[in-house]
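# Coordinate analysis (summary)
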Amino acid sequence: MKNSFVQVQNLAKRFPIANEEELTVFENANFAIEKGEFVCITGHSGCGKSTILNALAGLDEPTQGCVIMDGKEVVGPSLERGIVFQNYSLLPWLTVMDNVKFGVRARWPNWSKEQIESQCHKFIDMVGLNGTELRKPSELSGGMRQRVSIARAFATQPKLLLLDEPFGALDALTRGNIQDELINIWNETKQTIFMITHDVDEAILMADRVLLMSNGPRARVAESVVVDIARPRKRAEIIDAPEYYKIRNYLVNFLVNRSKELSGSSPSLNEEPLTVNPGVETRPMPETKAIA
Amino acid sequence: MDIRGKSIILSLAILVTMLGIWEMSVHKPESSEPLSEYELLMGGAEQESRVPPPSDVLKLAASELSNPFYDAGPNDKGIGIQLGYSLYRVLAGYLLAMLIALPLGFVIGMSPLMYRAINPFIQILRPISPLAWMPLALFVIKDSEASAIFVIFICSIWPMLVNTAFGVSNVRKDWLRVASTHELSRLRTALTVILPAAAPTILTGMRISIGIAWLVIVAAEMLVGGTGVGYYVWNEWNNLDLTSVIFSILMIGLVGMLLDMILAAAIKRVKYQE
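Heads up: these notes are all about the structure in this document.

Definitions and cut-offs
Residues numbered from 1 in each chain as written. Chains lettered and ligands numbered in written order. Predicted model: local features only at pLDDT ≥ 70, side-chain atom pairs only at ≥ 80, totals over all residues. Heavy atoms only, no water. Helix = DSSP H or I, 4+ residues; strand = E, 2+ residues; numbered from the N terminus. Rg over C-alpha atoms; globule rule 2.2 N^0.38 Å. Buried < 20%, exposed > 50% of the residue type's maximum accessible area, 1.4 Å probe, protein only. Areas by Shrake-Rupley, 256 points an atom, 1.4 Å probe, with all protein chains shown as cover. Lys, Arg positive; Asp, Glu negative; His and termini not counted. Charge placed at Lys NZ, Arg CZ, Asp CG, Glu CD. Contact = heavy atoms within 4.5 Å. Buried area = accessible area lost by both parts, 1.4 Å probe. Salt bridge = Lys/Arg side-chain N within 4 Å of Asp/Glu carboxyl O. Polar contact = N/O pair within 3.5 Å; in protein donor to acceptor, adjacent residues only side chain to side chain. Nonpolar A, V, L, I, M, F, W, Y, C, P; charged D, E, K, R; others polar. Core = buried A, V, L, I, M, F, W, Y, C linked by side-chain atoms within 4.5 Å.

### Things to note about the overall build of chain B
Counting its regular elements, chain B contains 11 helices and 0 strands. Going residue by residue from the N terminus, the α and β elements of chain B occur as α-α-α-α-α-α-α-α-α-α-α. Against the compact-globule benchmark of 19 Å for 274 residues, chain B has a radius of gyration of 25 Å, which places it well outside the compact range. Each of the three principal axes of chain B carries a C-alpha extent, and together these read 90 × 60 × 30 Å.

And the structure:
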């Protein structure tokens, strides 16, 4: 934890409510992300996942605690941290190319035109959008728009990439394709990624570690589940891995049952989430109701 | 036939019918009786004045438009020259208004504090008829030309200001987040994100403004006199030349339509689909 690339320390978010005590969404969130790691965070709506992501991004100020990245405290948004939003957040008056350029130009203001263009083309190709450079976002499908958004974020080569449910608004087939692409890009770039997802399968497919949050209010980052499945992972093959269902059942069980039970019990200061590795551990797992 | 073709035919039919009714209704009644003594004394003129028929207006239009820029002294200038004067005043006042309204609108739109501080002034000043400023303008500026421009300035500033502030303050938060995560400065954010995002709203305000400015210039020129299409209308009324009055009314409409079309085309260019 001490020397990790990203350190989240005792993060808390509270909202004042009229005539009442403040509402604590979550508190004492402590976790770390290593360089090159792909970490997913999941939990029910309202547990504060997005708030944590926004705090990492520097877009939202936590009520308490801090985020340290690369030895420096995060105090505001920065090009060191790229973000992909669920609603794509493309600029609708710019073409695909210009949207990607927007990021690259901001990142390297001194680059020549050729450098900027080649960087943009490289990442537009990477997400499989070559040929659509001159189209406007309104002329693209939801999946294609999210690809542009991913290209824009990766093209600036941030030290930390934050993905806020990037596939939440996409249909299942498109989602699968873009997940594959994202894994491919990640394999190439070895970017450090922190991603919010509601999809257990998505988390297992992509993540090195899945952080589990209990239900809010007074949510906590309860556990850190190691996903020990060998890479490269493929969507079609991953289900054959011996650990797959063990991990999956563990996650589903947490979300269906234990996230409720744990809710309302705040961790103490500096308490870190329990690290579990359901893929290798042989101890009996908690009762599982849903196996889909 | 598609709806476009049908609409053109219908428009032409309405035009011909209206002109026909106008032409018929203003014709002198044929009278076989010899002129009375009174009528002879009046040179055959009727007591009851009549609006000239459209055929006269068309004839005048043809001759005026064949030489629109002639200048035969202060009281006899071509319609082109008069419209030119009016356009010059409108554009001068309009551009001055733009210089103030657009930056100020940005400031108001980007800062809730400035919005609250400046909004009361806008609300009080906006409903004032621009012509009500005229006496004050004449007294302070002491120049009728500049006063007319000031009146245009004061009437076209409000829609631009209000629309700019509205457009700027309603830029989607997502896009502002994109700007802040890319570490854009405030100025760059204003120019590369807020301006294109708010451009359709801003230009809509400018379109409303140019329409109002063109309405107001006619009245302003009737007051300040000398040149311009407003003065021309009033002068021809004093000359009792109704044909010229009707002709200039039509020209005012035509130029107003062209100004509106230019702004509409500009809006179309900056419009984007989300």
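### Comments concerning the overall build of chain A
The secondary structure content of chain A amounts to 8 helices and 11 strands. Whereas a compact globule of 292 residues would reach a radius of gyration of roughly 19 Å, chain A reaches 19 Å, a difference of no more than 12%. If you line up chain A on its principal axes, its C-alpha atoms span 55 × 50 × 35 Å. Looking at the 292 residues of chain A, the share that counts as buried comes to 58%. Summing over all exposed atoms, chain A offers an accessible surface of approximately 12,500 Å²; the carbon and sulfur share of this is 49%. Measuring between centres, the 33 positive side-chain charges of chain A sit 2 Å from its 37 negative side-chain charges.

### Quick word on the interface of chain B and chain A
On the chain A side, the residues contacting the 17 residues of chain B number 20 residues. It is Arg-177, Thr-181 and His-182 of chain B that lose the most area in chain B upon contact with chain A, and together they represent 35% of the buried surface on that side. Viewed at the interface, chain A and chain B are joined by 0 salt bridges. Across the contact surface, chain B and chain A share 4 residue pairs in polar contact (both at pLDDT 80 or more). Examining the composition of the side of chain B that touches chain A, we find that 6 residues originate from one element, helix 8 (residues 173-181) of chain B, more than from any other. Counted by class, the side of chain B that touches chain A contains 7 nonpolar, 5 polar and 5 charged residues.

### A short note on the environment of Ser-185 of chain B
Tracing the backbone through its elements, the reader meets Ser-185 of chain B in the loop between helix 8 and helix 9 (186-224). C-alpha of Ser-185 of chain B to C-alpha of Ile-267 of chain B: the two residues are 82 residues apart in sequence and 27 Å apart in space.

### Some words on the nonpolar core
The tendency in soluble globular proteins is for nonpolar side chains to be buried side by side. Counting residues in hydrophobic clusters, the biggest one holds 68 residues, and the most contacted among them are Trp-93 of chain A together with Trp-175, Val-193, Trp-214 and Phe-247 of chain B. No other element matches helix 9 of chain B, which puts 16 residues into this core. With sequence-adjacent residues up to four places away left out, Trp-93 of chain A is seen in contact with Lys-136 of chain A together with Trp-175, Thr-192, Val-193, Pro-196, Ala-197 and Tyr-272 of chain B. In terms of nonpolar packing, the next biggest core, distinct from the first, is built from 58 residues, Ile-229, Tyr-250, Val-252 and Leu-255 of chain A among them.

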